[in-house]
Amino acid sequence: MDALSHIFNDQAEALEFHVDGKFEGANIPLRDLKLKKGLLIACLIRENRLVFPRGSDCIRPRDSVIVITTKTGLDGLDDILA
């Protein structure tokens, strides 16, 4: 995890993760990823550009991913997968 911010009066967290080549969900369309409940992939940062992802977008190695969640204990990007 690269960054963590508490939002909505500490009811949720915004987390930033850097994607390495080991992420199990890399290169899979977001609509096909099995994600834990209570989280949202809010945006991707790819090559210094902000991407608001849609179902057909994939998380790629070297991206940064901003996740909004009501869950606690997400230490790595693989922790978003169900």
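Our structure's up above, just so we're on the same page.
Residues numbered from 1 in each chain as written. Predicted model: local features only at pLDDT ≥ 70, side-chain atom pairs only at ≥ 80, totals over all residues. Heavy atoms only, no water.

## With respect to the overall build of the protein
Within the protein one finds zero helices and five strands. Starting at the N terminus and ending at the C terminus, the protein contains elements arranged as β-β-β-β-β. Buried positions account for 37% of the 82 residues belonging to the protein. A separation of at least 24 residues holds for 65% of the contacts in the protein among residues at least 6 apart in sequence. In the form shown here, the protein has an accessible surface area of approximately 5400 Å², with 47% of it arising from carbon and sulfur atoms. (Helix = DSSP H or I, 4+ residues; strand = E, 2+ residues; numbered from the N terminus. Buried < 20%, exposed > 50% of the residue type's maximum accessible area, 1.4 Å probe, protein only. Contact = heavy atoms within 4.5 Å. Areas by Shrake-Rupley, 256 points an atom, 1.4 Å probe, with all protein chains shown as cover.)

## A look at the pattern of salt bridges
The final tally for this structure, using the stated rule, is one salt bridge. A salt bridge links R46 to D63; the shortest N-O distance between them is 2.7 Å. Of this pair, R46 sits in strand β3 (residues 39-46) while D63 sits in the loop between β4 (49-51) and β5 (64-69); the two residues are 17 residues apart in sequence, bridging distant segments of the chain. There is no split in this pair, since R46 and D63 are both buried. (Salt bridge = Lys/Arg side-chain N within 4 Å of Asp/Glu carboxyl O.)

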